Amino acid sequence: MAYVAIADRDAPIHDPHTFFLKYIWSQDHKVIAIQYALVAIFVGLVALVLSGLMRLQLGFPDTFHFIDPNQYLQFVTMHGMIMVIYLLTALFLGGFGNYLIPLMCGARDMVFPYMNMLSFWVYLLAVLVLLSSFFVPGGPTGAGWTLYPPQAVLTGTPGAGLGIILMLVSLGMFIVAFTMGGLNYVTTVLQARCRGMTLMRMPLSVWGIFMATILGLLAFPALLVSAVMMTLDGTLGTSFFLPAISSMGEQLNHQGGSPLLFQHLFWFFGHPEVYIVALPAFGIVSDLLSTHARKNIFGYRMMVWAILAIGGLSFVVWAHHMYVSGMNPYFGFFFATTTLIIAVPTAIKVYNWVLTLWKGDIHLTVPMLFAIGFIFTFIHGGLTGLFLGNVTVDLPLSDTYFVVGHFHMVMGVSPILVVFGAIYHWYPKITGRMWNEKLGKLHFWLTFLGTYAIYLPMHYLGILGVPRRYYALGDTAFIPDSVHTINESITIAALLVAAAQVVFLYNMIVSLRRGEKAPSNPWHATTLEWQTPDTPPKHGNWGPRLPVVHRWAYDYSVPGAKEDFIPQNEPVDPYLTAGRDHGVRH
Amino acid sequence: MSPITVTVALLVGIIVWVLVARRLTARSWESGSEESDVAAVRMAPARLGLWVFLAVITSLFSLFLSAYSMRSHHGDWSHLTLPDVLWVNTALLVLGSVSMQIARNAVTRGLAQRLKLGLVAGGLFTIGFLAGQLIAWGQLRESGHFAQGSPANAFFYLLTAVHGLHLLGGLWVWGRTMTRLLRGVELVELRLSVELCTVYWHYLLLVWIALFAALTYL
């Protein structure tokens, strides 16, 4: 059988000796993963601070005079863009994708290690360019994370000069970095799996990351196209997106551009982006639930097919972000239909998670708490998505806090809960140490309950008609006093949740030194990354011999087995098999 | 969504499903599924990597083209008459592609001399194509068609520039292959590079033909 290239090689594929080559300019997928994760978490913290500032302004208007309306818009923009792209996308694919794909597939590294390394450095450059826009004249762009033209490049919008250009350049770099990483993830999954690791034996984490990468590779070009065209509009004076327009009483030279074209391009990227973030979360949460409930994942094949179906459908729903753009109403009908269809495979996944828990031997460890928390927040966020998917419901709600509540619940809080769960779950493998469980649980409850205190009231505000993106509400007749009280309480909750993240950081950093030494498989998990000869795994991952896989990833609580889990690389026991084939666990 | 798009999408879906159905319907939880074990794809990683990359740039160019076509269907579209030199350029790029194919056939059969000839010719024709594109730009500018003038002009400059940049990337890989060839590396070791270059060249020729057709007729 042709088990190809990297997978076959017995010697490590790169053998660095100096500290610099090993940990900085490294081609090892694990080091690159950690580099990606640390940078992503760092910019994520910047965005968290920005959201704190926004909440201070909204909860207590007229109190914080250092925040002016322009800055408020800049905070909104940078918070959104950083969280969606530079934190979540980079952390799930660059971080977890890099760490988990080779280890879970039984490979020694990615197939193109050098390109993988470049991917990180270009990503870092993109982050630096993005952050540099805070320090240029005019500051970062305040056009909203969707960067809609014409306002994004017109004077009067904060950061219309350098800010928006730096943002677009940084996005371009990010896409280059992602493409280099993405080629690696796809090729590694297809090419470098170890012996016996068929596609349908791959853990769902790998499936989720794999499909998300394919979505990214096909969808990010749309963002690149729009970024390139808008950069040309802003610098060379072309008219791709800018119609004949007068700005601040002055007729501009542009003519004939189409702002709606930008919206189509942007959302052709923007909607798959939701699933680029969600699919890895779906995959990882499936593995966490199965492992910590000591039960095989319910409906494995259906889970894989649902991931594929969601991935495919995510390309035909983009215009549901544009119901209010003035596009052809028949489009709205088509896109509402596809949007509601996508709820079917998604609901299948939710049922399967719940059914995995059903009668499981549930261990309420910290990763499990986060995984179960995800089911709650995802159901709540998903249900409001069904509201907004309908044109008639969306029209009045579109510019209100209902939308803010919806998307933060479904693609903010939900994936971030999975990120936390995943970090707690794999931390012992990555660092070789255990974290403090009490602090972990404290972090979970503060975050989980805190985010509900933030986002649940936002839905109510939205139904009252409170508009989003406003710097201050002022004295408006349709806004009752209770709204101001709610805004104050949301702000307090947001600050609490932000403070809870300090507990997390403290726990992670202190445990590096003081944590107990972790056993090599603390959760008694079946997947390959827990079966490495060293913890943390060394360069080349597997020591002298590659693992051979004999079973799927979910052999938990198999009747008759010695322990309640059987690792994937454990050969099949003929006696045990005889019992199983009589339908004990089909 | 035209009916043609829907039909094509359906057909592609069916083909993909037939190709992967066997893998994706395996009951991996049953023991003894070892026999139906399908291993990783048998292909050099770089080759698969190239095909995945081609999928990415297909997405990129189709998005550029659909942006172009969406814009050109607005009422106020003023069409740009393309300079005739583009036909010469197209011929050059076809010749480039043919030369690369000759190089590819030569490397499989171990004919060093013909390989060198094919590769050099392929590179030169491609450089000629790029020079021709610059001439086309110059002619347009002389006749007063600047990128700022109208969306049609801007799209012409943009699409040709993006295509040209992709060719430049190809030429960089071509240059590395040439260096290795001139340094006397064994033909067997060059085979993959030459083959992948050829695939990339054919692909960019197809992209150019699609762009040229769209710029002429849409």
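Residues numbered from 1 in each chain as written. Chains lettered and ligands numbered in written order. Predicted model: local features only at pLDDT ≥ 70, side-chain atom pairs only at ≥ 80, totals over all residues.

Student: Provide a residue-level description of the overall build of chain B, including the pertinent values.
Tutor: Each helix and strand in chain B was counted, giving 6 helices and 0 strands. Of the regular secondary structure in chain B, the N- to C-terminal order runs α-α-α-α-α-α. In terms of C-alpha radius of gyration, chain B reaches 22 Å, well past the compact-globule figure of 17 Å for 218 residues. In terms of principal-axis extent, the alpha carbons of chain B reach across some 70 × 50 × 20 Å. Out of the 218 residues in chain B, the part that is buried amounts to 34%. In chain B, the share of contacts with a sequence separation of at least 24, taken over all contacts with a separation of at least 6, comes to 77%. (Helix = DSSP H or I, 4+ residues; strand = E, 2+ residues; numbered from the N terminus. Rg over C-alpha atoms; globule rule 2.2 N^0.38 Å. Buried ≥ 20, exposed ≤ 12 C-beta atoms within 10 Å, placed from the backbone. Contact = placed C-beta atoms within 7 Å.)

Student: Could you give an account of the overall build of chain A, naming the residues involved and the relevant values?
Tutor: Along chain A, the regular secondary structure elements total 17 helices and 2 strands. Its C-alpha atoms give chain A a radius of gyration of 24 Å, within 12% of the compact-globule value 25 Å for 586 residues. Looking at chain A as a whole, 55% of its 586 residues are labelled buried. Relative to all contacts within chain A whose residues are 6 or more apart in sequence, the contacts with residues 24 or more apart total 81%.

Student: Which residues make up the nonpolar core, and what values do they have?
Tutor: If you look at the biggest cluster of nonpolar residues, it comprises 233 residues, and the most contacted ones within it are Ala40, Cys105, Val206, Val285 and Phe370 of chain A. Counting residues per element, this core draws most heavily on helix α4 (residues 69–105) of chain A, at 24 residues. (Core = buried A, V, L, I, M, F, W, Y, C linked by C-beta atoms within 7 Å.)

Student: I'd like a rundown of the confidence of the model for chain B, residues and numbers included.
Tutor: Detailed reading of the predicted model is not advised wherever pLDDT is low. All names here are of chain B. The predicted model of chain B averages 88 in pLDDT, with 92% of residues at 70 or higher. At the low end of the mean pLDDT range in chain B sits helix α1 (residues 3–24), at 75; at the high end sits helix α3 (residues 85–109), at 96. Confidence metrics for the complex model read pTM 0.93 and ipTM 0.90. (pLDDT = per-residue confidence, 0-100.)

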